[in-house]
Amino acid sequence: MNFSDLLKNDYIILDGAMGTMIQKSGLKLGEIPETLNLTHPEMIKDIHRGYVDVGTQIVCANTFGANGYKLKDSGYTVEEIIKAGIKNAKDAVGDKALVALDIGPIGQLLEPAGSMSFDTAYDYFKEEILAGADADVIFFETMTDLLEVKAGVLAARENSNKPILVSMTFEENMRTFAGVSVASAALTLEGLGVNALGVNCSLGPDELAPIVKEFTKWTNLPIIVKPNAGLPDPNSNTYNVKPKDFSESLSKIIDFGTVKLVGGCCGTTPEYIKALKEVVENKKYTIAEIKKDTSVCSGTTVVEINQPRVIGERINPTGKKLFKEALINNDIDYILSQAISQVNAGADILDVNVGLPEIDEKEMMVRVIKALQSVVDVPLQIDSTKPDVLEAALRIYNGKPIVNSVNGEEKSLNTVLPLVKKYGASVIGLVLDEDGIPKTAEGRFNIAKKIVDRAKAVGIPAKDVYIDCLTLTVSAQQEGCIETLKALHKVKTELGCKTCLGVSNISFGLPNRPLINHIFLTMALEEGLDLPIINPNDGDMMGAVRAYKVLSNIDKNSKDFISFYNEAKPETPKISCSHITLSDAIINGLKNEAATLTQKALENKDAMEIVNGELIPALDRVGADFEQNKIFLPQLIQSANVAQVCFEEIKKHLTKTNNTPVSKGKIILATVKGDIHDIGKNIVKVLLDNYGYTVVDLGRDVAPELIVETAIKQDIKLIGLSALMTTTLKSMEDTIALARKTPELQNPDGSSKCIFFVGGAVLTKDYAMKIGADYYCKDAKESVDTAKKVFGA
């Protein structure tokens, strides 16, 4: 039996929770669950047998956290743990089920939100995959960062031939912790060639229903659904959805269509899987109809190309002196300012070209792609003539990009198309070949057809090939304009492909170029142009696109047109490094520019005036946007990191002038005893640091005694505690209780000096109050709000 055999069934039954079962079997506080593969193999085998006995067809080995980062202090190697985990599962299930190498998040944030590089993440995953070579499938579970998933999927594809399953964990706002949308996940993972994708953990089946429904709109790959058994009750360490209700809810989700792999996550047991199997065994598998058009995406934003979409052309050194200087001088902030300006002006996608003989194009392209994805959320078009540059950028791009470009030359077709296929991108096809650009529309159409046919031959859908019929300069080849438009129309109507054009090429060498560009754009749109590559800061060009959408009945009731023009607002100002404010720099994530502006501000302003008048208000605005889902975790952390640069400049200035930097207050942060999850705590630390508080970070798996001792020695009254596991919430309670009864931490009237704020995925406000906490914080922003209340600043 293999995975292909299982796919022939209507449904595939997965297992339930491993952690829940281990906890019931007596997992000790602080013990790493994966080490039980070696210390208590029979316990693990019994858990697997329990699931297989009720009908599970794929069991996940006890390897979820068995990566080099999490195991570094365990005394065991990744290979030892994983090989033992796979063997235990194989011994337990025999030929009754397949065994999955279960892989969870590494436990660190990737750049730019964190410090872990893409290559480091890849190496961690590669080590796991090589160690788990005896598994039947590879299953990435509970993932929140799409770029981290991409590193894992590439590691799997490049070091194994096993089927790849991926499930991410979403919150009720339809996004992951890192802000990834369902559509972005579906588009990206399908493009990378996974065998099945979906959702697990975080929520119960009823809460997951709208998330699964959204998945069915974006992919026809088999969908995975593994809900929790509802919500955890920290008081009893149980969950609130019973097996019968769980299975009935999942049965309704299955009716959406395309859902094929079903099981359970936290809180589920063999009893849940038994009930689930009984419900689905008489159901027939169906596939939901997808009505979405071809789309591209970043990690957070999808652009469906179902109407004209503007590609911003300004990130390109051709004919731009300042841009060339920025590339030579490594002035990334200038490039970012060009991106922000174009997005603010209405660009849907940004073309990114950094080709210049004086620089290392590959290194610069990677730097720019990373930097752009930390400050703007629109999809990017990777523009280079060099295959090695394209691959380097495609590898670290978060989402589904466009490659610009392939053409009809054999060399180009043979080198570019395999890259597009491997990384799941869309591609621009230029209608030229070894003989140049055909003069006739028919000649260009023939090359377009050749490109589409060759793309389909390597597995790239025709819908992901966007044909550029090439704009020729009308001052030199006047007849070429009409041939371009004829070719565009023919490609659109006969090949059914999306089309693009670099519009401004039409007017080189003529006076009043904007007029020519404007009229040509309108003509091209009428012939079926989908992706005009233009300068979005040109109000007339953007106006032409908006007006076309009204006149073509795309902009229903002229809603977008009226929204933009009704208030007679001025043209969107360009964000340029020549007149940007310090607040702008922080909000838009421009690190170098923020440092320079802080230095200039310190020449004539008091340090605290800068902090309270510009830095803190900017961070407050970013925090408000985060709470309203206008921005997501990467942008939040990027702005916080920029603010940190500003604070460092202020500290240096105060030191030079013999002034001591003033802290707003000292705060202890710790992940409690027995819990090794610290990503959430680390994000809280970043924000508190940048609001001017002094944070004493005690790390993870911190004993109550150390927290109390630190509070006494450093006279700290505000303490933040984090826990991700229900089993470690007792440690949180114990820490608070110890502090409350310690004489040194009591006021003369017997009340406690310490104020506790707590947070974590399994925590509720009611439970936080029950264990004696003063504040419950659902996210990092609320932790900052709490600090403001406590310290009054």
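Rules used throughout
- Residues numbered from 1 in each chain as written.
- Predicted model: local features only at pLDDT ≥ 70, side-chain atom pairs only at ≥ 80, totals over all residues.
- Heavy atoms only, no water.
- Salt bridge = Lys/Arg side-chain N within 4 Å of Asp/Glu carboxyl O.
- Helix = DSSP H or I, 4+ residues; strand = E, 2+ residues; numbered from the N terminus.
- Buried < 20%, exposed > 50% of the residue type's maximum accessible area, 1.4 Å probe, protein only.
- Contact = heavy atoms within 4.5 Å.
- Polar contact = N/O pair within 3.5 Å; in protein donor to acceptor, adjacent residues only side chain to side chain.
- Patch = residues over 30% accessible without salt bridge, like charges linked within 9 Å, V, L, I, M, F, W, Y side chains within 5 Å.
- Areas by Shrake-Rupley, 256 points an atom, 1.4 Å probe, with all protein chains shown as cover.
- Lys, Arg positive; Asp, Glu negative; His and termini not counted.
- Charge placed at Lys NZ, Arg CZ, Asp CG, Glu CD.
- Core = buried A, V, L, I, M, F, W, Y, C linked by side-chain atoms within 4.5 Å.
- Pairing = 2+ DSSP bridges.
- Axes fitted to C-alpha atoms, helices over the stretch in contact; angles between N-to-C directions.
- Phe/Tyr/Trp six-rings, centres within 6.5 Å; stacked < 30°, edge-to-face > 60°.

J.: What am I meant to see in the pattern of salt bridges here?
T.: Proximity of charged atoms lets side chains of opposite charge pair with each other. Under the counting rule described, the total for this entry stands at 38 salt bridges. Its salt-bridge partner being aspartate 10, residue lysine 284 comes within 3.7 Å of it at the nearest N-O pair. Residue lysine 284 is found in the loop between helix H11 (270–280) and strand S11 (295–297), and its partner aspartate 10 is found in the loop between helix H1 (3–7) and strand S1 (12–13); the two are separated by 274 residues along the sequence. Aspartate 10 gets classed as partly exposed once you look at its relative accessible area, which sits at 27%.

J.: Just to check I follow, could you spell out the environment of tyrosine 11 for this structure?
T.: Tracing the sequence through the fold places tyrosine 11 in the loop between H1 and S1. Here tyrosine 11 falls in the buried class, since its relative accessible area comes to 7%. When the C-alpha positions of tyrosine 11 and asparagine 414 are compared, they lie 39 Å apart, and in sequence the two are 403 residues distant. With near-sequence residues (within four places) excluded, tyrosine 11 lies in contact with Gln57, Ile254, Val259, Lys260, Val280, Lys283, Lys284, Tyr285 and Thr286. A polar contact of 3.0 Å, which involves the side chain of tyrosine 11, links it to the backbone oxygen of lysine 284.

J.: Would you mind going over a negative patch on the surface with me for this structure?
T.: On the surface, Glu79, Glu80, Asp119, Asp123 and Glu127 cluster together into a negatively charged patch. Where the negative patch is concerned, the elements lending two or more residues are helix H5 (78–93) and helix H6 (118–131). Among the elements that line the negative patch, the one with the most residues is H6, at 3 residues. Secondary-structure assignment places aspartate 123 in helix H6. On the basis of relative accessible area, aspartate 123 is assigned to the partly exposed category, the value being 47%.

J.: Help me out: how do you make sense of the environment of leucine 372 in this one?
T.: Tracing the chain through its elements places leucine 372 in helix H14 (residues 361–375). By relative accessible area, leucine 372 is classed as buried at 0%. For the pair leucine 372 and glutamate 127, spaced 245 residues apart in sequence, the C-alpha to C-alpha distance is 30 Å. In contact with leucine 372, not counting residues within four places along its chain, are Ile315, Leu336, Ala339, Val352 and Leu380.

J.: What exactly am I supposed to notice about the nonpolar core here?
T.: Nonpolar side chains tend toward joint burial in soluble globular proteins. Counting residues in each nonpolar core, the largest one holds 231 residues, and the members touching the most others are Phe125, Phe140, Met168 and Leu688. Tallying contributions element by element places helix H25 (residues 633–656) first for this core, with 10 residues. If we skip the residues at most four places from it in the chain, leucine 688 touches Ile667, Leu669, Tyr693, Val695, Phe757, Ser783, Val784 and Ala787. Ranked by size, the runner-up nonpolar core spans 26 residues in total, among them Ala670, Leu721, Tyr767 and Ile771.

J.: Got a minute to help me understand the sheet that holds strand S16 (residues 402–407) in this structure?
T.: Here 8 strands make up a closed barrel; going around it, the order is S13-S14-S15-S16-S17-S18-S19-S20 and the pairing parallel. When the angles between neighbouring strand axes are averaged without regard to direction, this sheet yields 30°. Two elements, strand S15 (residues 380–383) and S16, share 3 bridges in a ladder whose sense is parallel. Note on S16: the bridge partner recorded for isoleucine 382 is valine 403.

J.: Any chance you could explain a nonpolar patch on the surface here in plain terms?
T.: On the surface, Ile482, Leu515, Ile519 and Met523 cluster together to form a nonpolar patch covering roughly 340 Å² of accessible area. If one sorts the elements of the nonpolar patch by residue count, helix H19 (residues 513–527) sits on top with 3 residues. Residue placement: isoleucine 482 occurs in helix H18 (residues 480–495).

J.: Any chance you could explain the packing of aromatic side chains here in plain terms?
T.: How two aromatic rings sit relative to each other is set out by the distance from centre to centre and by the angle between their planes. Applying the stated rule across the entire model yields 8 aromatic pairs. Aromatic pair phenylalanine 561 and tyrosine 565: ring centres 4.7 Å apart, planes at 45°, arrangement tilted. Residue phenylalanine 561 and its partner tyrosine 565 are both found in helix H21 (residues 559–565); the two are separated by 4 residues, about one turn of the helix. Relative accessible area serves as the criterion here: at 29%, phenylalanine 561 is assigned to the partly exposed category. On the basis of an interplanar angle of 80° and a centroid distance of 4.8 Å, the ring pair of phenylalanine 564 and tyrosine 565 is categorised as edge-to-face. Residue phenylalanine 564 is classed as partly exposed on the basis of its relative accessible area of 22%. Judged by relative accessible area, which is 33%, tyrosine 565 ranks as partly exposed. Through pairs of rings, three or more aromatic residues link up here, namely Phe561, Phe564 and Tyr565.

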